[in-house]
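What follows is each chain in one-letter form.
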Amino acid sequence: MAITKGVRKYAMVALMMAFMVSACHQKEVVKREVVHDTVFVDNSLKKVDTVFYDSKWLRNRFETAKWKKWRNYKDSIAVEYPEFMKYMSDSRERKLHVEYHGVTLLAVAYDDESEKSVQEKYEALNMGAVTKSVSQNSFLLAGNVGDRRLFFEKDIKLKNKTWMYLRVEFPSELTWAIDPLLQYVKDFQVNFLLFAGDS
């Protein structure tokens, strides 16, 4: 069934008004992040989930979050993450993967084929990065991953051939809102677990 231009125009006006009303409500504390919306797709109306963010609310959520500890006993390291981030099923002994509405935190430990210095590893990985910084046992990288998404990463040499990285991927418009998570990655220092029950 064809949709006339008048019906389409009316639907678009109604949709724009709904967005304006919802934008007015976003100035208050946002308690519901996902709303159901209707949009035109291939000349037909579809129901989709649209995520609305209030930057102050999201930043406050990261600033006031309780943090959970993930332990990697094989490499004797621990990483913390905000408890509201969803623990993903591909997490395993040497990999942590958590997400929250487009924001991803990864912590991965791995073994390199050959032993490299921090400088050698940095030179091998930094080509696609916009921001770069090297220290004694780690380096920072930041840049684009496409589709208006950015990454911020810290690579750390744990021992001879063993490395780990913490990486945050996020929509560029959320940079300020997730700054507490970015600061955690930037300031992260490895504190090796002493024994299996170590907290």
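Above this text sits the structure in question.
A quick note: this is a predicted structure, and the numbers were derived from the prediction, not measured.

## Brief notes about the sheet that holds strand β9 (residues 138-146)
In space, the seven strands of this open sheet follow the order β5-β6-β7-β11-β10-β9-β8, with antiparallel pairing throughout. The open sheet has two edge strands with one neighbour each: β5 (86-87) and β8 (131-134). Relative to the sheet, helix α4 (residues 179-187) contacts β7 (103-111), β9, β10 (149-159) and β11 (162-171), its axis offset from that of β10 by approximately 25°.

## Topic: helix α3 (residues 118-125)
Considered for burial, the residues of α3 that qualify are V118, K121 and Y122. Buried positions in α3, seen along its axis, are confined to an arc of 100° and lie on one side of it.

## A look at helix α2 (residues 55-64)
For α2, the complete set of buried residues consists of W57, L58, R59 and F62. Along its buried surface, α2 packs onto β3 (67-72), β4 (77-82), β6 (95-100), β7 and α4.

## Focus on the packing of α2 against α4
For the pair α2 and α4, the least separation of the axes is 8 Å and the interaxial angle reads 40°. Our classification of the angle between α2 and α4 gives oblique. For the pair formed by α2 and α4, the contact residues are R59, F62 and E63 on the first element and D179, P180 and L181 on the second. Each residue belonging to the contact of α2 with α4 can be placed in one class, and the counts come to three nonpolar, no polar and three charged.

Calculation notes
Residues numbered from 1 in each chain as written. Predicted model: local features only at pLDDT ≥ 70, side-chain atom pairs only at ≥ 80, totals over all residues. Heavy atoms only, no water. Pairing = 2+ DSSP bridges. Helix = DSSP H or I, 4+ residues; strand = E, 2+ residues; numbered from the N terminus. Contact = heavy atoms within 4.5 Å. Axes fitted to C-alpha atoms, helices over the stretch in contact; angles between N-to-C directions. Buried < 20%, exposed > 50% of the residue type's maximum accessible area, 1.4 Å probe, protein only. Arc of directions from axis to C-beta. Parallel < 35°, antiparallel > 145°, perpendicular 65-115°, else oblique. Nonpolar A, V, L, I, M, F, W, Y, C, P; charged D, E, K, R; others polar.

Read these as layout, nothing more, since geometry by itself doesn't imply function.
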